Amino acid sequence: MEDLKNYQQHIDKAIDWIWNLLPNLILAIILLIVGLWVVKFLNRMVRKFFEKKDYDQTLETFLQSFISITLKIILFVLVVTQLGVKTSSLVAILGAAGLAIGLALQGSLANFAGGVLILLFKPFKVGDFISAQGVDGSVKEISIFNTKLNTFGNQVAIIPNGQLSNGNIINYNSEDKRRDNYTIGIGYSSSIKEAKDILLQICADNENILKDPIPEVYVGSLGDSSVNLSLRYWAKNEVFWPAKFYVHEESKLRFDDAGIEIPFPQRVVHDVD
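Below, the structure is looked at part by part. Bear in mind that the values here come from a model prediction, so they are computed numbers and not experimental data.

### Remarks on a nonpolar patch on the surface
Among the surface-exposed residues, Ile26, Leu27, Ile30, Val34, Trp37, Val38, Phe41, Leu42 and Met45 lie close enough to one another that they form a single nonpolar patch of about 780 Å² accessible area. Considering the arrangement of structural elements, one finds Trp37 in helix H1 (residues 2-52). Given the relative accessible area of 53%, Trp37 is considered exposed.

### Side note on the packing of helix H6 (residues 192-205) against helix H7 (residues 240-258)
The geometry of H6 relative to H7 is characterised by a closest axis approach of 10 Å and an angle of 135° between their N-to-C directions. Relative to H7, the element H6 is oriented oblique. You can see that H6 and H7 cross each other, and the crossing is right-handed. Across from Glu194, Ala195, Ile198, Leu199, Gln201, Ile202 and Asp205 in H6, the residues of H7 making contact are Tyr246, Val247, Glu250, Ser251, Arg254, Phe255 and Ala258.

### Concerning the sheet that holds strand S3 (residues 146-151)
Paired through backbone hydrogen bonds, the strands of a sheet run either parallel or antiparallel to each other. One open sheet accounts for 5 strands, arranged S4-S3-S2-S1-S5; its pairing is antiparallel. Among the strands making up the open sheet, the edge pair consists of strand S4 (156-160) and strand S5 (169-171). Ignoring which end each strand starts from, the neighbouring axes of this sheet average 40° apart. Bridge analysis of strand S2 (residues 135-142) against S3 gives 5 bridges, and the strand direction is antiparallel. By the bridge assignment for S3, Ile142 is matched with Thr147.

The rules behind each value
Residues numbered from 1 in each chain as written. Predicted model: local features only at pLDDT ≥ 70, side-chain atom pairs only at ≥ 80, totals over all residues. Heavy atoms only, no water. Patch = residues over 30% accessible without salt bridge, like charges linked within 9 Å, V, L, I, M, F, W, Y side chains within 5 Å. Areas by Shrake-Rupley, 256 points an atom, 1.4 Å probe, with all protein chains shown as cover. Salt bridge = Lys/Arg side-chain N within 4 Å of Asp/Glu carboxyl O. Helix = DSSP H or I, 4+ residues; strand = E, 2+ residues; numbered from the N terminus. Buried < 20%, exposed > 50% of the residue type's maximum accessible area, 1.4 Å probe, protein only. Axes fitted to C-alpha atoms, helices over the stretch in contact; angles between N-to-C directions. Parallel < 35°, antiparallel > 145°, perpendicular 65-115°, else oblique. Left-handed = near helix turned anticlockwise from the far one by under 90°. Contact = heavy atoms within 4.5 Å. Pairing = 2+ DSSP bridges.

Listed below in structure tokens is the structure:
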């Protein structure tokens, strides 16, 4: 009988606690719903603000992500406080949790710091074609923790910002034009002067190849089976690849017409009786 009485007292205390908590719980749920709507609304306003202003797209993406996460953290603190958790206790809990999370997520923090460095020093921006961490591609998006590249095969490569900020980066769009160093071998019996004239004429015939700086041809090396010519020419970034492909194709066609040999490895097989 005594146990039943104690059990009833525990039930009564639980019911009283629920009734006392219920108003705060309802307010916390309302605050959460309204807060999420406000965060979504503010994010939309920030996005519209950036669309109207001519800001760097890299800065836009980074700040939008940062503002969204910051607002959600503030909302979480408000909701928990509404449930009756004291602010001082919450700060202590968040501090301890932050330390634990920081130790567990050192890589993520490094990626965040890398994102800040990329934003400040701008080694590249959205739309640039870069080579980094063994991946070549156009920068599609720069977020807080990683950068997305659209590769030549239309795949999306995701690279952590920490690695990008600490590694080597080649930005092919930092300058408005690029130089190609095209090497082609000719036979030792072929005329070097004639081959050089043909290569320079190829450059003169193509409108995508710049005439200033002027294209140049040198004897790059004397190989085991060929004289290796080095053709150097410049082209605008947007037409670099068409110019490169043109030079490759035309050099083969015109060398064939002129009877200039392009050596290649050959294997001779003898019949053994």
